[in-house]
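# Observations on the model geometry
Residues per chain are reported as follows:
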Amino acid sequence: MSDCVITSDSYQKRIHQFSQIFYTDDLETIRSIQKYILCHKFSPYYVKGITNGYAAPWGKFVKMAIIKDNHIRFDPYAKGVFDDGVYSLYLLDHVKTFYYNDEHTYNYRIVGSSLTHSYKPASVEILKRTCELVRKFNLETGKDHSFTVAEANREIASLTAQLSKYFFNPQNPKPRHERYAELKKTLEEEPFASAVKDCQIKYLEDQHKLSALCMKTKFLLGLELYASIKMKFR
């Protein structure tokens with residue numbers, strides 16, 4: 001596994017995924033790397049300054065036999081969102097050794113019109129699909145409660161992103177009261193009702209702690225203000 005460089009129209013940032021180069025055959029460390037993909041602060045070698053684990057397969061060298069023998073594939077059910085994360089979770093469940101090098105081999109170009117970085121009417125429904133796939137992985141592979149917490153934190157962070165991308169995005173044609181009602185309903189239903197309950201704020205990045213508190217207290221105006229500030233300084 002290696003590092004990446006993120007580039008957009010306004011900035012370029014070198015990402016160091018872990019704080020040091022390392023090799024491991026320790027199962028618990030590999031499980032921590034899986035949780036890192038869901039929630040960055042579960043990393044065995046935490047680096048401050050990045051907001052999530054980078055799951056893309058492009059920065060990984062993998063024995064093809066692991067993929068073929070275990071039938072690991074990208075799941076089209078995810079509609080192209082976090083399908084690389086689900087893929088990486090299954091992949092890491094079958095590896096016995098892991099090596100990280102801080103060379104950057106992956107160039108991640110952020111395009112404003114992409115599925116994950118722009119307003120899309122179906123974005124929340126697609127997010128629910130990724131939650132379903134990760135929860136299915138945790139259940140199928142018998143992961144412990146720490147994976148539930150890691151996924152809950154990922155879901156809160158992902159839903160937080162949808163505040164500015166969907167719910168309070170100026171391109172959303174729905175009246176304000178309808179968007180409020182939809183957000184309230186989203187928080188009350190699965191998967192986000194249990195994500196709000198199971199998430200642990202100490203594992204969230206600073207930018208998501210306030211939104212998580214607003215979600216836990218159903219403070220919708222606070223979530224709208226959060227989204228407005230994020231859009232203003234984006």
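Refer to the structure above for everything that follows.
Residues numbered from 1 in each chain as written. Predicted model: local features only at pLDDT ≥ 70, side-chain atom pairs only at ≥ 80, totals over all residues. Heavy atoms only, no water.

### Here's the deal with the overall build of the protein
- The helix and strand tally for the protein stands at nine helices and five strands.
- Counted from the first residue to the last, the protein has its helices and strands arranged as β-β-β-α-α-α-β-β-α-α-α-α-α-α.
- For a compact globule of 234 residues, the expected C-alpha radius of gyration is about 17 Å, and the protein comes in at 18 Å, within 12% of that figure.
- Each principal axis of the C-alpha distribution contributes one length, and for the protein these read about 50 × 40 × 30 Å.
- Burial analysis of the protein (234 residues in total) assigns 51% to the buried set.
- Long-range pairs, those at least 24 residues apart, make up 71% of the contacts in the protein with a sequence separation of at least 6.
- For the protein, the exposed surface amounts to about 12200 Å²; the carbon and sulfur share of it is 55%.
- Between the centroid of the 34 positive side chains of the protein and the centroid of its 27 negative side chains there is a distance of 4 Å. (Helix = DSSP H or I, 4+ residues; strand = E, 2+ residues; numbered from the N terminus. Rg over C-alpha atoms; globule rule 2.2 N^0.38 Å. Buried < 20%, exposed > 50% of the residue type's maximum accessible area, 1.4 Å probe, protein only. Contact = heavy atoms within 4.5 Å. Areas by Shrake-Rupley, 256 points an atom, 1.4 Å probe, with all protein chains shown as cover. Lys, Arg positive; Asp, Glu negative; His and termini not counted. Charge placed at Lys NZ, Arg CZ, Asp CG, Glu CD.)

### Some points on the nonpolar core
- Ranked by size, the top nonpolar core spans 32 residues in total, and within it Phe-18, Ile-33, Leu-38, Phe-82 and Phe-98 carry the most contacts.
- In this view, Ile-33 contacts Phe-18, Phe-22, Pro-44, Leu-92 and Phe-98; residues no more than four positions away in its chain are not counted.
- Within the second largest apolar cluster, 26 residues are counted, among which are Leu-127, Tyr-166, Phe-192 and Ala-212. (Core = buried A, V, L, I, M, F, W, Y, C linked by side-chain atoms within 4.5 Å.)

### Looking at a negative patch on the surface
- Taken together, the side chains of Asp-25, Asp-26, Glu-28 and Asp-144 present a region of like negative charge at the surface.
- Along the chain, Asp-25 falls in the loop between β3 (22–24) and α1 (27–38). (Patch = residues over 30% accessible without salt bridge, like charges linked within 9 Å, V, L, I, M, F, W, Y side chains within 5 Å. Salt bridge = Lys/Arg side-chain N within 4 Å of Asp/Glu carboxyl O.)

### Thoughts on helix α8 (residues 206–216)
- Buried residues of α8: His-208, Ser-211, Ala-212, Cys-214 and Met-215, and no others. Each buried residue of α8 lies within a common arc of 160 degrees when the element is viewed along its axis, so the set occupies one face.
- Residues of α8 that are buried make contact with α5 (145–167), α6 (176–188), α7 (192–198) and α9 (220–232).
- At the C-terminal side of α8, Lys-218 shows a positive phi close to 55 degrees. (Arc of directions from axis to C-beta.)

### Observations concerning the packing of α8 against α9
- Close contact between α8 and α9 brings their axes to 8 Å; oriented N to C, the two are set at 155 degrees. By the angle class used here, α8 and α9 are roughly antiparallel. You can see that α8 and α9 cross each other, and the crossing is left-handed. Counted together, Gln-207, His-208, Leu-210, Ser-211, Cys-214 and Met-215 of α8 and Gly-222, Leu-223 and Tyr-226 of α9 form the full contact between these two elements.
- When grouped by side-chain class, the residues that make up the contact of α8 with α9 number five nonpolar, four polar and no charged. (Axes fitted to C-alpha atoms, helices over the stretch in contact; angles between N-to-C directions. Parallel < 35°, antiparallel > 145°, perpendicular 65-115°, else oblique. Left-handed = near helix turned anticlockwise from the far one by under 90°. Nonpolar A, V, L, I, M, F, W, Y, C, P; charged D, E, K, R; others polar.)

### Digging into the packing of aromatic side chains
- Following the criterion strictly, the structure yields 13 aromatic pairs and no others.
- The interplanar angle of 75 degrees and the centroid separation of 4.8 Å between the aromatic rings of Tyr-90 and Phe-137 together place this pair among those described as edge-to-face. Placement of Tyr-90 in helix α3 (residues 83–92) and of Phe-137 in helix α4 (residues 123–140) is noted, with a sequence separation of 47 residues between them.
- Their ring planes at 75 degrees and their centres at 5.0 Å tell us that Tyr-166 and Phe-167 sit as a pair that is edge-to-face.
- Note on Phe-167: relative accessible area 0%, which makes it buried.
- Ring pairs connect the aromatic residues Phe-18, Phe-22, Tyr-36, Tyr-45, Phe-98 and Tyr-100, which therefore count as one cluster.
- The ring of Tyr-77 is capped by Arg-129, whose NZ or CZ atom sits 4.3 Å from the centre of that ring. (Phe/Tyr/Trp six-rings, centres within 6.5 Å; stacked < 30°, edge-to-face > 60°. Lys NZ or Arg CZ within 6 Å of the ring centre and 35° of its normal.)

### With respect to unusual backbone geometry
- Put simply, Glu-190 and Pro-191 share a cis peptide bond, and its omega is 10 degrees.
- Position of Pro-191 among the secondary structure elements: in the loop between α6 and α7.
- Notably, Lys-218 is not glycine yet its phi reads approximately 55 degrees, a positive angle.
- Here Lys-218 shows up in the loop between α8 and α9.
- Look at Lys-218 and you get partly exposed, because its relative accessible area is 42%.

### Side note on the layout of surface pockets
- Empty space within the second largest pocket amounts to approximately 450 Å³.
- Going through the elements one at a time, α3 and β4 (98–100) are the ones with two or more residues in the lining of the second largest pocket.
- Residue classes in the lining of the second largest pocket are distributed as nine nonpolar, six polar and three charged. (1 Å grid on protein atoms, 1.4 Å probe; cavity = no way out; pocket = protein on both sides within 12 Å on 5 of 7 lines; lining within 4 Å. Points joined across faces, edges and corners; volume = space filled by probe spheres on them.)

### Quick notes on the pairing of strand β2 (residues 12–15)
- Here strand β1 (residues 3–7) pairs with β2 via four bridges, running antiparallel. Note on β2: the bridge partner recorded for Ile-6 is Lys-13.
- Between β1 and β2, which pair antiparallel in sequence order, lie four residues. (Pairing = 2+ DSSP bridges.)

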